[in-house]
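Spelled out, the chains give:
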Amino acid sequence: MTELHKFIRSLPKAELHLHIEGTLEPELMFQLAIRNGIELNYSSELAVEEAYQFDKLQDFLDIYYAGATVLLQEQDFYDLTWAYLLKAAENNIVHTEIMFDPQAHTERGVPFSAVIGGIYRALTDGYEKLGISFRLILSFLRHMSVESAFKTLKEAVPFQGWITAVGLDSSEKNFPPDIFSDVFEKARDMGFLTVVHAGEEGPPEYIWAALDLLQASRIDHGNSAIEDPDLIDVLGIYEIPLTSCPLSNLKLKVIKRMEDHPLKEMMERGVKVTVNSDDPAYFGGYLNDNLIAVADALQLSKEEIVQLVKNSFEASFITDAEKRDFLKRVEEVEGE
Ligand code: ADE
Ligand code: ZN
């Protein structure tokens, strides 16, 4: 381990782009399948790992939704979230803003209350026992209908106090943000912030639409912004953060080589970029692995790493006072 790798591990960090269903490790997948009497398409944990070869986002999503079918009971969602929080603690993550995909479960007959109940119970335990603060983001699946998104928003009403923002994820191509304008407007009227996956496989136009029509506070991924200088300017001027996920981008062939990741150039051009793990059980690494991979490939300096980590707190949905406290903790480690 190099000095820089050690430094990365030692920094307190925030994670802002994490799908809780994407933290389902093969071992827990098998345990839950047995517990719930569900037959998996895999003969062993090794077979699961071998199946994780993707040429594009949709290849991954098919396997990700199949994996999620082992999640049935409130306790399953608790166990999933708790396992992530233990990994988060190992990665020195002190604040996390996690997304969940309720429609991936409610369409299988799992009650919304079991999904959010298990996740939220684990998050509150994580705060008490591990000191990890959190926010929760309800993501709508863009391959499902607007009606289904509205139904999901209605199901969230009794739990509104637990949810900070709504998001939009799943298959991007051919599902532009415009489709979801009305449901996002309703969500904003209810007081939710909004985040949107855009520019992962989609064009810069999808990022413009996420900003103009869905009024996104953050863009998840945003890779294709690099193709549009005006968009890069707007992201910088209006301080719209991007939540980059380097290992995800490599695994899903959004980039050919890690050296091609646009994150460093975006930072140099004034965009508030953050590094995140997206679906770490599927993409081969948690937050430290992502930071190390990108630091090595793009030859990031210590200062650039600190900037990325500070960005993660600044781009989070916590209060300014909380941000100041976390930034101070980063500076203390930086100065050691
Ligand atoms: N759902 C989980 N991971 C995703 C990703 N990388 N892009 C879109 N939807 C997702
Ligand atoms: Zn994502």
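Here the structure is shown first, and the text comes after it.
Basis of the calculations
Residues numbered from 1 in each chain as written. Chains lettered and ligands numbered in written order. Predicted model: local features only at pLDDT ≥ 70, side-chain atom pairs only at ≥ 80, totals over all residues. Heavy atoms only, no water. Helix = DSSP H or I, 4+ residues; strand = E, 2+ residues; numbered from the N terminus. Rg over C-alpha atoms; globule rule 2.2 N^0.38 Å. Buried < 20%, exposed > 50% of the residue type's maximum accessible area, 1.4 Å probe, protein only. Contact = heavy atoms within 4.5 Å. Areas by Shrake-Rupley, 256 points an atom, 1.4 Å probe, with all protein chains shown as cover. Lys, Arg positive; Asp, Glu negative; His and termini not counted. Charge placed at Lys NZ, Arg CZ, Asp CG, Glu CD. Axes fitted to C-alpha atoms, helices over the stretch in contact; angles between N-to-C directions. Left-handed = near helix turned anticlockwise from the far one by under 90°. Nonpolar A, V, L, I, M, F, W, Y, C, P; charged D, E, K, R; others polar. Donors = N, O, S within 2.8 Å, 3.2 Å for Na, K, Ca; no water. Tetrahedral: all angles 85-135°; square planar, octahedral: opposite > 155°, others 65-115°. Patch = residues over 30% accessible without salt bridge, like charges linked within 9 Å, V, L, I, M, F, W, Y side chains within 5 Å. Salt bridge = Lys/Arg side-chain N within 4 Å of Asp/Glu carboxyl O. Pairing = 2+ DSSP bridges. Near = heavy atom within 4 Å. Polar contact = N/O pair within 3.5 Å; in protein donor to acceptor, adjacent residues only side chain to side chain.

(A) Here's a closer look at the overall build of the chain. A count of helices and strands for the chain gives 17 helices and eight strands. The C-alpha atoms of the chain give 19 Å as radius of gyration, which agrees with the globular expectation for 336 residues (20 Å, within 12%). In terms of principal-axis extent, the alpha carbons of the chain reach across some 50 × 45 × 40 Å. Expressed as a percentage of its 336 residues, the buried residues of the chain come to 60%. For the chain, long-range pairs separated by at least 24 residues make up 75% of all intrachain contacts whose partners lie at least 6 apart in sequence. Accessible surface computed for the chain: about 13600 Å², of which carbon and sulfur atoms make up 49%. Both charge centroids of the chain, one from 30 positive and one from 57 negative side chains, sit 3 Å from each other.

(B) Looking closely at the packing of helix 10 (residues 204–212) against helix 11 (residues 229–237). One way to put it is that helix 10 packs onto helix 11 with a least axis distance of 10 Å and a crossing angle of 30 degrees. Regarding helix 10 and helix 11, the two cross each other, and that crossing is left-handed. In contact with P204, I207, W208 and L211 of helix 10, helix 11 contributes D230, L231, V234 and L235. The residue inventory of the contact of helix 10 with helix 11, partitioned by class, reads seven nonpolar, no polar and one charged.

(C) Here's a closer look at the coordination of the zinc ion (ligand 2). Looking at the metal site, the zinc ion (ligand 2) is ligated by H17 (NE2), H19 (NE2), H197 (NE2) and D278 (OD), spaced 2.0 to 2.2 Å from it. Geometry at the zinc ion (ligand 2) is irregular, judged from its four donor atoms and the angles of 82 to 174 degrees they form at the metal. Mapped onto the polypeptide sequence, the residues donating to the zinc ion (ligand 2) form the spacing pattern H-x1-H-x177-H-x80-D. As far as burial versus exposure is concerned, H17 and H19 are alike and both buried.

(D) Here's a closer look at a negative patch on the surface. On the surface, E27, E45, E49 and E50 cluster together into a negatively charged patch. Sort the elements by how many residues they give to the negative patch and helix 3 (residues 45–51) lands first, with three residues. For E50, the position within the fold is in helix 3. On the basis of relative accessible area, E50 is assigned to the exposed category, the value being 55%.

(E) Here's a closer look at the sheet that holds strand 6 (residues 218–221). One open sheet accounts for eight strands, arranged 1-2-3-4-5-6-7-8; its pairing is parallel. Where the open sheet ends on each side, the last strands, each with one partner, are strand 1 (13–19) and strand 8 (273–275). Going across the sheet, the axis of each strand differs from the next one's by a mean of 25 degrees, ignoring polarity. Relative to strand 7 (residues 242–244), strand 6 runs parallel, the two sharing two bridges. Looking at the pairing, D220 lines up with T243 of strand 7. Docked against the sheet, helix 7 (residues 112–130) engages strand 2 (93–100) and strand 3 (133–141), running at close to 160 degrees with respect to strand 3.

(F) Geometry of the environment of E303. Looking at the element boundaries, E303 is found in helix 16 (residues 302–314). We classify E303 as exposed; its relative accessible area is 55%. On a C-alpha basis, the gap between E303 and E334 in space is 9.2 Å, while along the polypeptide they are 31 residues apart.

(G) Geometry of the site of ligand 1. Around ligand 1, the neighbouring residues are H19, L57, F60, L61, Y64, D169, S170, H197, E200, H221, D278 and D279. Measuring from a nitrogen atom of ligand 1, one finds a side-chain N or O atom of H19 at 3.4 Å. Residue S170 places a main-chain N or O atom 2.8 Å away from a nitrogen atom belonging to ligand 1. For ligand 1, the accessible surface in isolation is 260 Å², of which the surrounding protein chains cover 100%. Per-element tally for the shell around ligand 1: the top contributor is helix 4 (residues 57–68), with four residues.

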